[in-house]
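# An overview of the molecular structure
Okay, here's what each chain looks like letter by letter:
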Amino acid sequence: MARWAFGILVIASLAACDSAPADLPDNPYAPATDYSAEPVDQLLVGDRLMDAGEFELALQAYTRAAGNRGMTPEVLGALGAANLRLGRLGQAETQLRKSVAEDNDNYGTWNNLGVVLMEADRTSEAVQVFRQAYALSNGQSDEIRDNLRKALAKFEDAQYDDVENTYKLVRQGTGEYLLKTTPE
């Protein structure tokens, strides 16, 4: 009796599998990709990834944007910014310099180039680049102003640090000594 009940159960379940939902196509292949949809702007994707702190993924998105748009100043600036955040200063400097050579009015790219130069300890050049960026922003960017201040302070300190003093003890009389500094 148990075998008979089991057989009916198997037949009933097979019959249930035979009826397909009406919304499924008769085609057994996966649906085709809709190529008429507008592609996603990879620069926007990269910018959002940069905001999220995903710099390597942002670099990949910017590279895809370069494949779609070409190496425009905007793409070069974005690639340079991503490489800067990844600590790849040589690549960042090259890309940012190419970007400002083609589009001389983008103060954000000038600022990023100044940051690269500061990180590379080329302070005097960074001061000039930050001045250019600040002028292009019409003095409206607090971030660039702060970067310029830091660069100027570091540049001025570096000028004073270069002078090394030696100390010399000079006898003034009985039991009196004077400590003199003489620059070398």
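Whatever comes next refers back to the structure up there.
Just so you know, these numbers come straight off a predicted model, no measurement behind them.

What follows concerns the overall build of the protein chain. Looking only at helices and strands, the protein chain has eight helices and two strands in total. Helices (α) and strands (β) of the protein chain occur, in sequence order from the N terminus, as α-α-α-α-α-α-α-α-β-β. Counting all 184 residues of the protein chain, 26% fall into the buried class. If you take every contact in the protein chain between residues at least 6 apart in sequence, the share linking residues at least 24 apart comes to 35%. Counting every atom, the protein chain has about 13200 Å² of accessible surface; 52% of that belongs to carbon and sulfur.

This paragraph deals with the nonpolar core. Taken as a class, soluble globular proteins show a tendency for nonpolar side chains to be buried jointly. Counting 17 residues, the largest nonpolar core has Trp110, Leu113 and Phe130 as the members making the most contacts within it. The contact partners of Phe130, leaving out residues within four places of it in the chain, are Asn111, Gly114, Val115, Met118, Ile144, Asn147, Leu148 and Ala151. Counting residues in hydrophobic clusters, the runner-up holds 15 residues, among them Leu49, Ala58, Leu59 and Ala78.

The next point concerns the pattern of salt bridges. Evaluated as defined, the whole model comprises 10 salt bridges. For Glu74, the salt bridge is made with Arg69, and the minimal N-O distance between the two is 3.3 Å. Across the pair Glu93 and Arg122 runs a salt bridge whose closest N-O atoms are separated by 2.7 Å. Of the two residues, Glu93 is situated in helix α5 (residues 89–102) and Arg122 in the loop between α6 (107–119) and α7 (123–136); the sequence distance between them amounts to 29 residues. With relative accessibility at 15%, the residue Glu93 sits in the buried group. The class of Arg122 is partly exposed, set by a relative accessible area of 30%.

The next point concerns helix α3 (residues 55–69). The first and last C-alpha atoms of α3 sit 20 Å apart over 15 residues, in line with the 21 Å expected at 1.5 Å per residue. Those residues of α3 lying buried are Phe55, Ala58, Leu59, Ala61, Tyr62, Ala65 and Ala66. Buried positions in α3, seen along its axis, are confined to an arc of 160° and lie on one side of it. Away from the buried face of α3 by more than 90 degrees, exposed residues Gly67 and Asn68 are located. The secondary structure elements touched by the buried residues of α3 are α2 (42–51) and α4 (73–85).

Turning our eyes to something else, we now look at the environment of Val115. Position of Val115 among the secondary structure elements: in helix α6. In sequence terms Val115 and Leu89 are 26 residues apart; their C-alpha atoms lie 9.6 Å from each other. Look past the residues within four positions of Val115 in its chain and what remains in contact with it is Leu84, Phe130 and Asn147.

In this structure, Asn83 sits in helix α4. In this structure Asn83 comes out as buried when scored by relative accessible area, which is 2%. Excluding its chain neighbours within four sequence positions, the residues that come into contact with Asn83 are Leu59, Arg88, Gln91, Ala92 and Gln95.

Let us look at the packing of α3 against α4. As a packed pair, α3 and α4 sit with axes 9 Å apart at the nearest point and diverge in direction by 160°. As far as their axial angle goes, α4 and α3 are roughly antiparallel. Crossing geometry of α3 relative to α4 is assigned as left-handed. Across the interface between the two elements, Phe55, Leu59, Tyr62, Thr63, Ala65, Ala66 and Arg69 of α3 pack against Glu74, Val75, Ala78, Leu79, Ala82, Asn83 and Arg85 of α4. For the contact of α3 with α4, a count of residues per class yields nine nonpolar, two polar and three charged.

Cut-off values and rules
Residues numbered from 1 in each chain as written. Predicted model: local features only at pLDDT ≥ 70, side-chain atom pairs only at ≥ 80, totals over all residues. Heavy atoms only, no water. Helix = DSSP H or I, 4+ residues; strand = E, 2+ residues; numbered from the N terminus. Buried < 20%, exposed > 50% of the residue type's maximum accessible area, 1.4 Å probe, protein only. Contact = heavy atoms within 4.5 Å. Areas by Shrake-Rupley, 256 points an atom, 1.4 Å probe, with all protein chains shown as cover. Core = buried A, V, L, I, M, F, W, Y, C linked by side-chain atoms within 4.5 Å. Salt bridge = Lys/Arg side-chain N within 4 Å of Asp/Glu carboxyl O. Expected span 1.5 Å × (residues − 1). Arc of directions from axis to C-beta. Axes fitted to C-alpha atoms, helices over the stretch in contact; angles between N-to-C directions. Parallel < 35°, antiparallel > 145°, perpendicular 65-115°, else oblique. Left-handed = near helix turned anticlockwise from the far one by under 90°. Nonpolar A, V, L, I, M, F, W, Y, C, P; charged D, E, K, R; others polar.

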